[in-house]
Every structure is written in structure tokens, then in C-alpha cells.
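Single-letter residue listing:
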Amino acid sequence: MSASIIDGKVISAAVRRKITEDTAAFVAETGITPHLAAVLVGDDPASQVYVRNKERACENCGLKSTLHRLPVDTTQQQLATLVAELNADGTVHGILVQLPLPKHLDSTPILDAILPGKDVDGFHPENVGLMLQGRPRFLPCTPHGVMKMLQHQNIDTAGKHAVVIGRSDIVGKPMAALLVQRGADATVTICHSRTADIAAICSQADILIAAVGIPEFVKGNMIKPGAVVIDVGINRLNDKLVGDVDYAEAVEIASAITPVPGGVGPMTIAMLLQNTLEAARQWSLLGK
Ligand code: NAD
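All figures in this text were calculated on a predicted structure; none of them were measured in a lab.

Student: Report on the sheet that holds strand E4 (residues 94-97), specifying residues and quantitative values.
Tutor: One open sheet accounts for three strands, arranged E3-E2-E4; its pairing is parallel. The sheet terminates laterally at strand E3 (64-70) and E4, the two strands that pair on one side only. Averaged over neighbouring strand pairs, the angle between their axes works out to 15° when direction is ignored. As judged from the seven bridges shared by strand E2 (residues 35-41) and E3, these two strands associate in the parallel manner. In the strand pairing of E3, leucine 36 is matched with serine 65. Strands E2, E3 and E4 of the sheet are contacted by helix H3 (residues 76-88), whose axis makes an angle of about 175° with E2.

Student: Please give an account of the layout of surface pockets that cites residues and values.
Tutor: Considered as a void within the structure, the largest pocket measures approximately 1,500 Å³ in volume. Lining the largest pocket are 48 residues, and of these Tyr50, Val232, Ile234, Gly265 and Thr268 sit closest to its centre. Looking at the lining of the largest pocket, the elements that each hand over two or more residues are helix H1 (8-30), helix H2 (45-60), E4, helix H6 (141-152), strand E9 (235-237) and helix H10 (264-286). Tallying contributions element by element places H2 first for the lining of the largest pocket, with ten residues. Of the residues that constitute the lining of the largest pocket, the class distribution is 25 nonpolar, 14 polar and nine charged.

Student: Could you give an account of the pattern of salt bridges, naming the residues involved and the relevant values?
Tutor: In this structure the tally under the stated criterion is six salt bridges. Between aspartate 206 and lysine 224 there is a salt bridge, with its nearest N and O atoms 2.8 Å apart. Here the residue aspartate 206 occupies a position in the loop between helix H8 (198-202) and strand E7 (207-210), and lysine 224 occupies one in the loop between E7 and strand E8 (228-231), the gap between them amounting to 18 residues. The class for aspartate 206 is partly exposed, based on a relative accessible area of 22%. Lysine 224 gets classed as partly exposed once you look at its relative accessible area, which sits at 31%.

The rules we used
- Residues numbered from 1 in each chain as written.
- Predicted model: local features only at pLDDT ≥ 70, side-chain atom pairs only at ≥ 80, totals over all residues.
- Heavy atoms only, no water.
- Pairing = 2+ DSSP bridges.
- Helix = DSSP H or I, 4+ residues; strand = E, 2+ residues; numbered from the N terminus.
- Axes fitted to C-alpha atoms, helices over the stretch in contact; angles between N-to-C directions.
- Contact = heavy atoms within 4.5 Å.
- 1 Å grid on protein atoms, 1.4 Å probe; cavity = no way out; pocket = protein on both sides within 12 Å on 5 of 7 lines; lining within 4 Å.
- Points joined across faces, edges and corners; volume = space filled by probe spheres on them.
- Nonpolar A, V, L, I, M, F, W, Y, C, P; charged D, E, K, R; others polar.
- Salt bridge = Lys/Arg side-chain N within 4 Å of Asp/Glu carboxyl O.
- Buried < 20%, exposed > 50% of the residue type's maximum accessible area, 1.4 Å probe, protein only.

Okay, here's the thing in C-alpha cells:
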């Protein structure tokens, strides 16, 4: 039997409708329009598309967005100066530095320099620590989007074996951290590039989450019949977007699966908007 499709477009549209309502109520109450400042360095085509989609989503939900474009030869100091200006700008509530940065720039000090209260990507060490302790300020957008999808589909994670493939700071590690929190209560295994016999581990997963960055890495023989498969990957293969899961094989074995495109991607953007609204809300409370 074919898996049911977890439709990120439909779920994210519902989330964005709620954000639109909540934003309108917040603006009416406070006179403050939540404002996301995005920073794009260089001209990576995929990054340009991501930033444009984020800007458009902000506008559609009643949030303000400003794009700061910097040339590819921007220095570390110039980028740090812009972040400092955005930190100091009281009309900016969320700051997003689009990754990856050009190779000559070091993203770590830049992300560390963003005020934790404006860190709507949830990458600042203070926000990562709060998330790990189960008292989050902002949850990182992609793993949060995955959790929302699971909740929306009534997929219970408690007591389930969740296997996350990938250990990046952006997806894999926070994904595992959210699944293991009280309330989610999964038993979590993290696989990575040095994991031995990865197929055997993946095929024990009730919930398999792929964040590898290798097109169609997860084959049918790595999936337990009836498992839920979440494909975070976005890869270009022969001019087509494909995930980290071999969809044609997986759809015949899993009980539910996210497509690429139209799965996790739209959820990531919706969660960014939610964090920006939340940042504005927290900022408005500071003055009271
Ligand atoms: P990354 O390159 O930082 O991390 C990839 C991880 O995969 C690493 O931790 C590595 O250990 C692991 N890995 C690499 N080769 C492996 C192998 N052969 N076997 C097992 N593990 C292996 O990537 P990332 O930023 O975590 O992104 C992962 C994927 O998710 C990419 O395709 C990226 O484009 C996509 N992504 C999608 C969204 C979204 O909104 N849908 C957001 C962020 C990233």
C-alpha cells in the first residue's frame, strides 16, 4: 500500500493563516509591525530564492521584511558592522543571515553576534541552550517545522524510535533534541557520516528523518515497513529538486512521507514568521 502524503503546503498554509490573524491582532494592540531583517551576502542562486520566498511570506502575513544585500567580496568586519546596526535598530525584531556565507567569511562569530532576542533562526548558543533545557525562546525553524507536521498529522512520537540522519547544528542536532524533549518523548538515534551499518539502524526507525544533503540517500531497504519518513533534504539532481530519500521506493514502504518539494521547506518558512512575531511580542513587553 502507498504511504499517505504529509503535505507541507497545506499544513504551512494553516500555520500562516493563524500567524496572519495573530499578527493583525498584535499590530492592532501595540501599533508595532513585526519586522524581519534578512542579510544576503553574494549571489548564490538557491539563497536568493530562499530569501525571496521568506520576504514574500512575511508580506503575505502582514509582517515587514527588509533585505540587506551585500556583495560577494564583503569583509567579515563589514558584515559584523551590519549585524551590529540591525541589533541597535529598535524597529527590527528579527535578524536572519542567510547561510551559507561565501567561503572567506566565518559564520560562527556572525551568528554569535546577533542579539539572542532577535535570533529568529534560533542558532545563537544561548537559544540553543534554552532549547536543550526545554524552555525555548525561539526554536530552530526546520526542526520546529517537522515537529509541527508530526503534530498536525497526529503522529505520536512518545516511546517511538526516531532515527535522525545528519548532525548539523541547523537540522540534525536540534531535530534530535526536540524529539527527545519531555512531551515529544521519542527514543532518538543520530546517524552521521561515520555511522557504521547505517541501513540496519535506519531500518529500525518508527520515524526516520533524513537531513543528509545527498540526493536519494535513503533507499527502500533502509525503511521499516509502516515507518513515518520525513525528508528534510533539498538537492538539485538533473535540473529537478529531490530530497534525501528515494521517494519512489519509500512511498511503497512507509505509512506516511513528506514530498520534496512541498514538504518540510514551506514549514521552515512558516516557523520563521512565527519566531519573528514572537520576537516582536517579546520586544514589546520589554518596554512595559
Ligand atoms: P550539512 O551538510 O550541514 O549536514 C549533513 C549531515 O549529514 C552531516 O551531519 C553529516 O554527518 C551527515 N552525512 C553526510 N554524509 C553522510 C553519509 N554518507 N551517511 C550518513 N550521514 C551523512 O547539511 P544540513 O544543513 O543539515 O542540511 C541537510 C539537507 O537538508 C540538505 O539537503 C539541505 O539542503 C536541506 N535543508 C533543508 C531545509 C528545509 O527547509 N527543507 C532547511 C535546511 C537544510
